[in-house]
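# Summary of structural features
In case you want the letters, here they are:
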Amino acid sequence: MANGVFHTGYQIIVQLTRADLGHPGRPGLLEEITQPIGKRDRELLQCLEHYKRGVCQAEEHDRSPWMAIRRRTIGGRTTLVAAHLPVRHTPTPEESDKHKAMKERIARAAERHGLSAEVEARTQDGKVRTDVLVRGPAGRIGWEAQYSPITATTVQRRSQAAADHGITPLWVTNSDSAALIDRAPWAMVDDVSWQRIVSRNVLLVRAGVRHLQRWKCSRYSERRCPITESDFSACGRLHVHWDLPALCIPEKRHTEVDELVTTSADGEYVPMRIPSQDDPRNYARMWVPAEDRDQWLDIIGPDDEPGTAPSDDGELTFTEEPLDSTCRYGEETMVFNDPRPRRAKADATGLHTFDEIPQRLFKIPRQREQRLDITPQQRHATAALYGCPVWNIGPCAGCAAPIHRYGPGGAHACRTCRTRISG
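Keep in mind that this is a model prediction, so the values were computed, not measured.

### A few points about the overall build of the chain
- When helices and strands are tallied, the chain shows eight helices and 20 strands.
- For the chain, the residues scored as buried account for 43% of the 423 residues in total.
- If you take every contact in the chain between residues at least 6 apart in sequence, the share linking residues at least 24 apart comes to 57%.
- Of the roughly 23,800 Å² of accessible surface on the chain, a fraction of 48% belongs to carbon and sulfur atoms.

In structure tokens, the structure reads:
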């Protein structure tokens, strides 16, 4: 990523490797250039190579010459870097038709199941607009039908704004490379025509909904060990992770979009953010059955907070490296507006492995003792009906052991200590 940009407002070159940014007389420059894109001129910062040559490498890859400043943490050191913004995208007629069709389907599904649904809903202060706002027993779910490209920063900003107003966001997309994936509660559907979306045909959630799986890893397990990734070796530990319905053992049924509309609003499905066991900053988001959520919390313990992740905003380090005006687009390995480290594909399962099964799982809830309370006459009548001795359990006066009394009367002895008892 670039270590400098051209400031079109002041007509100066900003050097990101220097503590004063190369301009000691402008103390507020850092706060100005790191503002969210929505709060400043989008064309405030320009790629240095484009400024000097009129064109840069990023423009050959559907990126704009305009830049954003981000923090990047590598090896515990946080530095400033500049990255290219995407070219502004106007939804095509096809994307707009799919967007409208999905909104109609969501609202129709909600109303068909007795829920309140409002299309293009706005909060009272006008700061949050939601494609479809569904109200149910579990609260308000803000559905966002996203069929055109969007930046991860925009998704995070809009999702946080919704959450601040008591709305749980739920983004739906048809692309497995959409920037919204794992940045907010989400679901992915097949890429079908708008006619199919608006129809009453089944529309399955292909990703974004997972189910809890747990097993003791042994050579007799139905699953291979996720650590050794071998069918012939096992680590002997307890594995817990979240899986897609088709990969569960036994296989689970896929959730339908219409079903997710109702189950998310009534609390049967809940959103979760699962951190990696190795790196808490690395996490996956998913919708899960509420009962699976409860089992997960039982396993990882009540003190764990899977919905939180530490901030990446460490103390800035300025390396004083010389200015590099070469466009480095394409050489980066991280998404331009994603402050989180790239996660391995397997981490989407939220895999957690325990050397020993947590002791809290061995605790058996105390159940109310159930007793058969009948009179002696009823016992004798039942014994006579079935032609068997009268059965009664009571404590022995001598040893407190259970004793058995047979017959309608007479004297008997405790089978443990031989203490005589009357009939």
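### Quick notes on the packing of aromatic side chains
- The final tally for this structure, using the stated rule, is two aromatic pairs.
- Residues Phe 6 and Tyr 51 carry aromatic rings whose centres are separated by 3.7 Å and whose planes lie at 10° to one another, so their mutual orientation is stacked. Remark: Tyr 51 occurs in helix H2 (residues 48-53) and Phe 6 occurs in strand S1 (residues 4-7); sequence separation between them is 45 residues.
- Looking at Phe 6, the relative accessible area reads 3%, which means it is buried.
- Aromatic side chains Trp 242 and Trp 296 sit 5.6 Å apart centroid to centroid with 45° between the ring planes, which places their arrangement in the tilted category. Of this pair, Trp 242 sits in strand S13 (residues 238-243) while Trp 296 sits in helix H7 (residues 290-300); the two residues are 54 residues apart in sequence, bridging distant segments of the chain. Note on accessibility: Trp 242 and Trp 296 belong to one class, buried.
- Positioned above the aromatic ring of Tyr 10, the side-chain terminus of Arg 26 is 3.9 Å from the ring centre.

### Some points on the packing of helix H3 (residues 93-112) against helix H6 (residues 257-266)
- Between H3 and H6, the shortest axis-to-axis distance is 9 Å and the interhelical angle comes to 55°. Taken together, the axis directions place H3 and H6 in an arrangement best described as oblique. Between H3 and H6 lies a crossing whose hand is right-handed. Of H6, the residues touching H3 (which contributes Met 102, Arg 105, Ile 106, Ala 109, Ala 110 and Arg 112) are Val 257, Asp 258, Val 261 and Thr 262.
- Counted by class, the contact of H3 with H6 contains six nonpolar, one polar and three charged residues.

### Overview of the sheet that holds strand S6 (residues 116-122)
- The six strands are arranged S6-S7-S8-S9-S10-S11 in an open sheet whose pairing can be described as mixed. If you trace the sheet from one side to the other, it starts and ends with S6 and strand S11 (205-207), each paired once. Going from strand to strand, the sheet's axes swing by 35° on average, the running direction of each strand aside.
- Taken together, the six bridges between S6 and strand S7 (residues 129-136) define a ladder with antiparallel strand orientation. Pairing of Glu 118 across the sheet is with Leu 133, part of S7.

### Regarding the confidence of the model for the chain
- Looking at the chain as a whole, the pLDDT averages 80, with 76% of positions reaching at least 70.
- Scored below 50 in pLDDT, residues 332-346 shows 35 contacts in the model against residues more than four places distant or in partner chains.
- This stretch, residues 405-410, has a pLDDT under 50; its non-local contacts, to residues over four places away or in other chains, come to 17 contacts.

### A short note on the sheet that holds S13
- In space, the three strands of this open sheet follow the order S12-S13-S16, with antiparallel pairing throughout. Every interior strand has two partners, whereas the edge strands, strand S12 (211-216) and strand S16 (352-354), have only one. The sheet shows a mean angle of 15° between the axes of neighbouring strands, taken without regard to direction.
- The pairing of S13 with S16 spans three bridges and is classified as antiparallel. Residue pairing across strands places Val 240 opposite His 352, the latter belonging to S16.

### A word on H3
- Its 20 residues place the ends of H3 28 Å apart at the C-alpha level, agreeing with the 28 Å of an ideal helix rising 1.5 Å per residue.
- If you check which residues of H3 are buried, you get Glu 95, Lys 98, Ala 101, Met 102, Lys 103, Arg 105, Ile 106, Ala 107, Arg 108, Ala 109 and Ala 110.
- Count one or two residues on from H3 and you reach Gly 114, which has phi positive near 80°.

### Points about the pattern of salt bridges
- Summed over the entire model, instances satisfying the criterion amount to 16 salt bridges.
- In this structure, Lys 103 engages Glu 120 in a salt bridge whose closest nitrogen and oxygen atoms are separated by 2.5 Å. With Lys 103 in helix H3 and Glu 120 in strand S6, the pair connects residues that are 17 residues apart, well separated along the chain.
- Classification of Lys 103 by relative accessible area gives buried; the value is 11%.
- Using a relative accessible area of 33% as the deciding quantity, one classes Glu 120 as partly exposed.
- Here Glu 120 makes a salt bridge to Arg 129, at a shortest N to O gap of 2.6 Å.
- In this structure Arg 129 comes out as partly exposed when scored by relative accessible area, which is 31%.
- Among the ionic contacts, a cluster of salt bridges with common partners joins Lys 103, Glu 120, Arg 129 and Asp 131.

### Quick notes on the environment of Gln 160
- Considering the arrangement of structural elements, one finds Gln 160 in helix H4 (residues 152-164).
- Using a relative accessible area of 45% as the deciding quantity, one classes Gln 160 as partly exposed.

Cut-off values and rules
Residues numbered from 1 in each chain as written. Predicted model: local features only at pLDDT ≥ 70, side-chain atom pairs only at ≥ 80, totals over all residues. Heavy atoms only, no water. Helix = DSSP H or I, 4+ residues; strand = E, 2+ residues; numbered from the N terminus. Buried < 20%, exposed > 50% of the residue type's maximum accessible area, 1.4 Å probe, protein only. Contact = heavy atoms within 4.5 Å. Areas by Shrake-Rupley, 256 points an atom, 1.4 Å probe, with all protein chains shown as cover. Phe/Tyr/Trp six-rings, centres within 6.5 Å; stacked < 30°, edge-to-face > 60°. Lys NZ or Arg CZ within 6 Å of the ring centre and 35° of its normal. Axes fitted to C-alpha atoms, helices over the stretch in contact; angles between N-to-C directions. Parallel < 35°, antiparallel > 145°, perpendicular 65-115°, else oblique. Left-handed = near helix turned anticlockwise from the far one by under 90°. Nonpolar A, V, L, I, M, F, W, Y, C, P; charged D, E, K, R; others polar. Pairing = 2+ DSSP bridges. pLDDT = per-residue confidence, 0-100. Expected span 1.5 Å × (residues − 1). Salt bridge = Lys/Arg side-chain N within 4 Å of Asp/Glu carboxyl O.

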